Amino acid sequence: QVQVVESGGGLVQAGGSLRLSCSASGNILSINAMGWYRQAPGKQRELVASITSGGNTDYADSVKGRFTISRDNAKNTMALQMNSLAPEDTAVYYCKVTARTSTLWAAYGYWGQGTQVTVSS
């Protein structure tokens, strides 16, 4: 199995910054894509940013220029640097790791438990 743990959420004022971290552990053969998602109350979960094993990144339009995703392939970790935070960024942020645990099976997406980010106006 694969365990995914996020950390770094909290309460910040508008215009401030936070850095989220994600760590994957367990019986990991390889990790393909890693991504950050968020879900605000009453809304669907949405992709915030993703990064491939080769370092290619993709961002939601709403966070481009403010958020930066990065990963350390050797440590199976990922980070999300969030700057110029706004109240609309308030949500539970989830880390998703697409990993293979065996050469017999295809990659599968594993989720963390989520970390709350609250931005006050």
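Heads up: these notes are all about the structure in this document. (Residues numbered from 1 in each chain as written. Predicted model: local features only at pLDDT ≥ 70, side-chain atom pairs only at ≥ 80, totals over all residues. Heavy atoms only, no water.)

As for the nonpolar core
Residues Trp36, Leu80, Met82, Tyr93 and Val97 are the most contacted members of the largest nonpolar core, which totals 31 residues. Every element with two or more residues in this core is listed here: β1 (2-7), β3 (18-26), β4 (30-39), β5 (46-51), β7 (67-72), β8 (77-82), β9 (91-100) and β11 (115-120). With sequence-adjacent residues up to four places away left out, leucine 80 is seen in contact with Leu18, Arg19, Leu20, Trp36, Val48, Ala49, Phe67, Thr68, Ile69 and Tyr93. (Core = buried A, V, L, I, M, F, W, Y, C linked by side-chain atoms within 4.5 Å. Buried < 20%, exposed > 50% of the residue type's maximum accessible area, 1.4 Å probe, protein only. Helix = DSSP H or I, 4+ residues; strand = E, 2+ residues; numbered from the N terminus. Contact = heavy atoms within 4.5 Å.)

A closer look at the sheet that holds β3
The strand order across the open sheet built from four strands is β1-β3-β8-β7, with neighbouring strands paired in antiparallel fashion. At either margin of the open sheet sits one strand with a lone partner, and together these are β1 and β7. Strand after strand, the sheet turns through a mean of 15° between neighbouring axes, direction not considered. The sheet contact formed by β1 and β3 spans six bridges and is antiparallel. Opposite valine 4, over in β3, you have alanine 24 as the bridge partner. (Pairing = 2+ DSSP bridges. Axes fitted to C-alpha atoms, helices over the stretch in contact; angles between N-to-C directions.)

A few points about the pattern of salt bridges
Evaluated as defined, the whole model comprises four salt bridges. Two residues, aspartate 89 and arginine 38, come together in a salt bridge whose shortest N-O distance is 3.0 Å. Placement of aspartate 89 in the loop between β8 and β9 and of arginine 38 in strand β4 is noted, with a sequence separation of 51 residues between them. A relative accessible area of 1% places aspartate 89 in the buried class. Among the residues examined, arginine 38 registers a relative accessible area of 6% and is labelled buried. Across the pair aspartate 61 and lysine 64 runs a salt bridge, and its minimum N-O distance is 3.1 Å. Judged by its relative accessible area of 48%, lysine 64 falls in the partly exposed class. One continuous salt-bridge network, built from bridges that share partners, spans Arg38, Glu46, Arg66 and Asp89. (Salt bridge = Lys/Arg side-chain N within 4 Å of Asp/Glu carboxyl O.)

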